[in-house]
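# Coordinates in review
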Amino acid sequence: MNPSVNPLTGYLLVAALLFAIGLAGALTRRNAILVLIGIELMLNAANLNLIAFWRYGPHPEALTGMMFAIFSIAVAAAEAAVGLGLVIQIHRHAKTTDLDAMNRMKG
Amino acid sequence: MSFVFYFIAALSVAGALAAVLLKNTVHCALALTVAFAGLAMMFLELDAQFAGFAQILIYIGAVAILVVFAILLTRGSETPTDGVFSRKPLIGLVTAAGIFAVLGWAVLHSTQVLPHEMTKPTVTVMDIGNALMGRYVLPLEIVALLLTAALIGAVIVAMHEKAGAR
């Protein structure tokens, strides 16, 4: 078995690597904006998986994976807008974007 | 696996690594743009032209700009003196490495059962439009509602509180 022959394997491995990088960033960075960047990377890795399975799956003319990826991009855009709005409001309130310093929910 | 694939994959992974590892937040946002561009090229390489250009327009054109605005509005470009990573980064790194190991193992050991379509799909934008207005019209409407709600919500959340308004 030579896995490098199948092109799907390469795309899935790149997506897994991007997901792991995004997860590591989201878990280890202290700036809230960098955590959001990590989440965006994870969402993008999932989109790459969807498109790769659509391209090499049995029925590409059904457009299922592509549609899922397009809707996922739209939801990710909404998530980024709300998340960054929250970060700006928290910074205005607490004068920091350091997640270790945000240890209470009371205003 | 062509040379083009390896080049694009290396570009995306390098951009993602730089976005996570760099100290200056503005540099991180720029590296994130490189990673998004690499992913868009990968979508084009997979014959998903519409998704590729949507990725360029939405991620590079909107999300990356939004991130830069947020960084500049929160003065996040000033590198903190006590390090940019959390005090206990080991747990996060081990979790991420473990998840990558499991995913990689699953991918490498399931190649025989995965379908293998080598014919190029011919999908035009007209097909996508017909699908969006036909079979996927309900998800489209829900996404439209979600985007409207997110727009209003983001504006309300980020709006200036007036003095004594509470």
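Structure shown above.
Residues numbered from 1 in each chain as written. Chains lettered and ligands numbered in written order. Predicted model: local features only at pLDDT ≥ 70, side-chain atom pairs only at ≥ 80, totals over all residues.

Take the overall build of chain B next. Each helix and strand counted, chain B has six helices and zero strands in total. Out of the 166 residues belonging to chain B, those deemed buried represent 23%. Here the analysis covers contacts within chain B between residues at least 6 apart in sequence; of these, 55% occur between residues at least 24 apart. (Helix = DSSP H or I, 4+ residues; strand = E, 2+ residues; numbered from the N terminus. Buried ≥ 20, exposed ≤ 12 C-beta atoms within 10 Å, placed from the backbone. Contact = placed C-beta atoms within 7 Å.)

So, on to the overall build of chain A. Per the secondary structure count, chain A includes three helices and zero strands. The linear arrangement of helices and strands in chain A, starting from the amino end, is α-α-α. The C-alpha atoms of chain A give a radius of gyration of 18 Å, which is well past the 13 Å a tight globule of 107 residues would have. For chain A, the spread of C-alpha atoms along the principal axes amounts to about 55 × 30 × 15 Å. Here chain A holds 107 residues, and the buried ones make up 57% of them. The long-range fraction of contacts in chain A, counting pairs at least 24 apart against all pairs at least 6 apart in sequence, stands at 47%. (Rg over C-alpha atoms; globule rule 2.2 N^0.38 Å.)

This part takes up the packing of helix α1 (residues 7–28) of chain A against helix α2 (residues 32–56) of chain A. Residue and element names in this part refer to chain A. The N-to-C vectors of α1 and α2 enclose an angle of 165°; their axes lie 7 Å apart at closest approach. In terms of orientation, α1 lies roughly antiparallel with respect to α2. The hand of the α1/α2 crossing is left-handed. For the contact of α1 with α2, a count of residues per class yields 21 nonpolar, five polar and no charged. (Axes fitted to C-alpha atoms, helices over the stretch in contact; angles between N-to-C directions. Parallel < 35°, antiparallel > 145°, perpendicular 65-115°, else oblique. Left-handed = near helix turned anticlockwise from the far one by under 90°. Nonpolar A, V, L, I, M, F, W, Y, C, P; charged D, E, K, R; others polar.)

Here we take up unusual backbone geometry. Despite not being glycine, Leu63(A) shows a phi value in the positive range, around 65°. Of note, Leu63(A) is situated in the loop between α2 and α3 (64–94). The backbone phi angle of Asp47(B) is positive, close to 65°, even though this residue is not glycine. Turning to its location among the elements, Asp47(B) is positioned in the loop between α2 (25–45) and α3 (49–73). Taking the number of C-beta atoms within 10 Å as the measure of exposure, Asp47(B) has 17 and is therefore partly exposed.

The first and last C-alpha atoms of α3(A) sit 44 Å apart over 31 residues, in line with the 45 Å expected at 1.5 Å per residue. Taken from the residues just after α3(A), Lys95(A) is the one with a positive phi, measuring 60°. (Expected span 1.5 Å × (residues − 1).)

As a further point, take the interface of chain A and chain B. Accessible area lost during the coming together of the parts is what is often quoted as the interface size. On the side of chain B, 69 residues touch chain A, which itself brings 67 residues to the contact. Of all the secondary structure elements, the ones that give two or more residues to the side of chain A that touches chain B are α1, α2 and α3 of chain A. The dominant element in the side of chain A that touches chain B, judged by the number of residues it contributes, is α3(A), at 20 residues. Of the residues assigned to the side of chain A that touches chain B, the class counts are 45 nonpolar, 15 polar and seven charged.

The next thing to look at is the environment of Ile37(A). By the secondary structure assignment, Ile37(A) is in helix α2. Given 28 C-beta atoms within a 10 Å radius, Ile37(A) is considered buried. In this structure, Ile37(A) is in contact with Gly25(A), Ala19(B), Cys28(B), Leu32(B) and Val67(B), ignoring residues within four places of it in sequence.

So, on to the packing of α2(A) against α3(B). With their axes 11 Å apart at the nearest point, α2(A) and α3(B) run at an angle of 175° to one another. Judged by the inter-axis angle, α2(A) sits roughly antiparallel to α3(B). Taking contact as the criterion, the partners of Ile33(A), Ile37(A), Glu40(A) and Ile51(A) in α2(A) are, on α3(B), Ala51(B), Val63(B), Val67(B), Ala70(B) and Ile71(B). A breakdown of the residues in the contact of α2(A) with α3(B) according to their chemical character gives eight nonpolar, no polar and one charged.

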